[in-house]
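# Secondary and tertiary structure notes
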Amino acid sequence: GAVVSQHPSRVICKSGTSVKIECRSLDFQATTMFWYRQFPKQSLMLMATSNEGSKATYEQGVEKDKFLINHASLTLSTLTVTSAHPEDSSFYICSAREQEESYNSPLHFGNGTRLTVT
Amino acid sequence: AQKVTQAQTEISVVEKEDVTLDCVYETRDTTYYLFWYKQPPSGELVFLIRRNSFDEQNEISGRYSWNFQKSTSSFNFTITASQVVDSAVYFCALSEAGNYGQNFVFGPGTRLSVLP
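Residues numbered from 1 in each chain as written. Chains lettered and ligands numbered in written order. Predicted model: local features only at pLDDT ≥ 70, side-chain atom pairs only at ≥ 80, totals over all residues. Heavy atoms only, no water.

## Here we look at the interface of chain B and chain A
What counts, and what does not: In this analysis, two residues are considered to be in contact whenever any of their non-hydrogen atoms come within 4.5 Å of each other. We define buried area as the total accessible area lost by two parts upon association, computed with a 1.4 Å probe and summed across both. Salt bridge, as used here, is a side-chain nitrogen of Lys or Arg placed within 4 Å of a carboxyl oxygen of Asp or Glu. Within 3.5 Å is the distance limit for a polar contact, defined as a pair of N or O atoms, with the added protein rule that one can donate a hydrogen and the other accept it, and that residues adjacent in sequence qualify only through two side-chain atoms.
Chain B puts 21 residues into the contact, and the matching count from chain A is 21 residues. Between chain B and chain A the total buried area reaches about 1800 Å² when both faces are included, carbon and sulfur atoms providing 57% of it. Linking chain B with chain A are zero salt bridges, by the criterion used here. Where chain B packs against chain A, one counts four residue pairs in polar contact (both at pLDDT 80 or more).

Here you go:
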């Protein structure tokens with residue numbers, strides 16, 4: 001089945017630094033990828049939709065200058081948390097559809113990145 | 001607006017017991033898709049099943065079964081003879097065709113603990 005790879009799985013950084021998270025579709029191409037954030041014991045919240053070759057679409061309340069998204073190729077999207085602060089500590093997870101034209105195609109998720117900002 | 005409710009926040013069962021996880025959804029679309037995902041302690045999300053709004057047949061896959069009832073807008077998930085490895089958070093999700101499926105709306109999740 002479709003595989004989405006996310007890296008790194010865990011990262012600890014100091015407050016004020018930036019962190020880049022990569023999301024790759026390994027055996028399929030994805031013009032659209034989705035980035036979610038999950039707080040402890042809570043559900044997944046869609047942060048933004050990453051579009052290959054164009055600007056990402058951010059959900060209401062998500063700071064686009066804080067969470068920079070780049071979708072430079074059909075298999076890679078990156079999320080950069082800029083000037084990270086402790087409140088940015090969370091579990092970030094990306095996803096993509098193997099069959100993008102089919103809205104019944106399930107989302108395949110990466111393994112997630114647990115970010116801890118100290 | 002689309003919405004997914006999972007009323008059970010946490011469930012604990014003893015191994016070999018059967019357990020049903022409830023999911024109730026709201027949508028104005030006539031065409032939509034429902035999904036279940038499993039999130040084990042390691043964090044990754046594992047796709048379990050999808051069901052479209054026109055197919056109300058129940059489905060069984062090993063110890064897992066799903067009951068889709070459009071009349072009550074429910075898509076419940078039953079694990080038979082539960083095992084410790086079933087311990088995870090389970091999410092029900094809804095995707096509306098009218099939104100070109102761009103958004104998945106996830107329920108809040110049900111944390112299942114299966115005790116040995």
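Still to come is the rest of the account.
## Here's the deal with the packing of aromatic side chains
Threshold: Aromatic contacts are taken between Phe, Tyr and Trp rings whose centres are within 6.5 Å, Trp giving its six-membered ring; a plane angle under 30 degrees counts as stacked, one over 60 as edge-to-face, and the others as tilted. Counting from the N terminus, the helices are the DSSP runs of H or I reaching at least four residues and the strands are the DSSP runs of E reaching at least two. Relative accessible area decides the class of each residue, using a 1.4 Å probe on protein chains only: under 20% of the type maximum gives buried, over 50% gives exposed, and in between gives partly exposed.
For the coordinates displayed, the defined rule picks out 18 aromatic pairs over all chains. Ring plane angle 45 degrees and centroid distance 6.2 Å describe the contact between Phe67 of chain A and Tyr92 of chain A, whose orientation is recorded as tilted. Of this pair, Phe67 of chain A sits in strand 7 (residues 67–73) while Tyr92 of chain A sits in strand 9 (residues 90–97), and the two are 25 residues apart along the sequence. The class of Phe67 of chain A is buried, set by a relative accessible area of 6%. We classify Tyr92 of chain A as buried; its relative accessible area is 0%. Ring centres 5.5 Å apart and planes at 65 degrees place the aromatic pair Phe77 of chain B and Tyr90 of chain B in the edge-to-face group.

## Regarding the side chain of Glu96 of chain B
Residues and elements named next belong to chain B. The following threshold applies: By the counting scheme adopted, Arg and Lys are positive, Glu and Asp are negative, and His together with the chain ends is not counted.
Within the secondary structure, Glu96 sits in strand 10 (residues 88–96). Lacking a salt bridge, the buried Glu96 has Arg28 as its closest oppositely charged neighbour, with an N-O distance of 7.7 Å. Among the polar contacts listed, one links the side chain of Glu96 to the side chain of Thr27, at a separation of 2.5 Å.

## Some details on the pattern of salt bridges
Applying the stated rule across the entire model yields five salt bridges over all chains. Arg24 of chain A is the partner of Glu22 of chain A in a salt bridge, and the nearest nitrogen-oxygen pair spans 3.4 Å. Residue classification places Glu22 of chain A among the partly exposed residues on the basis of a relative accessible area of 26%. Overall, Arg24 of chain A belongs to the partly exposed group, its relative accessible area being 34%. Taken together, the shared-partner salt bridges in this structure form one network comprising Arg51, Asp55 and Glu59 of chain B.

## Description of the pairing of strand 12 (residues 110–115) of chain B
Residues and elements named next belong to chain B. To keep things clear, this is the line we draw: Here, strands pair whenever DSSP counts at least two bridges between them.
Burial along strand 12 is one-sided: Thr110, Leu112 and Val114 are buried, while Arg111, Ser113 and Leu115, pointing the other way, are not. Sheet topology note: the strand 2 (residues 10–14)/strand 12 ladder contains five bridges and is parallel. By the bridge assignment, Val14 is partnered in strand 12 with Leu115. Across three bridges, the pairing between strand 10 and strand 12 is antiparallel. Looking across to strand 12, one finds that Tyr90 is bridged to Thr110.

## Some details on the state of the cysteines
Selection criterion: Note that a disulfide, as used here, is simply two cysteine sulfur atoms within 2.5 Å.
One pass over the full model with this rule turns up two disulfides over all chains. Two residues, Cys23 of chain A and Cys94 of chain A, share a disulfide whose sulfurs are 2.0 Å apart. With the S-S dihedral at roughly 85 degrees, the linkage between Cys23 of chain A and Cys94 of chain A falls on the right-handed side. Here Cys23 of chain A is found in strand 3 (residues 19–25), whereas its partner Cys94 of chain A is found in strand 9, with 71 residues between them in sequence. On the basis of relative accessibility, which here comes to 0%, the residue Cys23 of chain A falls in the buried class. Residue Cys23 of chain B pairs covalently with Cys92 of chain B via a disulfide, S to S 2.0 Å. Judged by the torsion about the S-S bond (-65 degrees), the Cys23 of chain B/Cys92 of chain B disulfide is left-handed. Highlighted residues: Cys23 of chain B in the loop between strand 3 (19–21) and strand 4 (24–26) and Cys92 of chain B in strand 10, separated in sequence by 69 residues. For the pair shown, Cys23 of chain B and Cys92 of chain B are each scored as buried.

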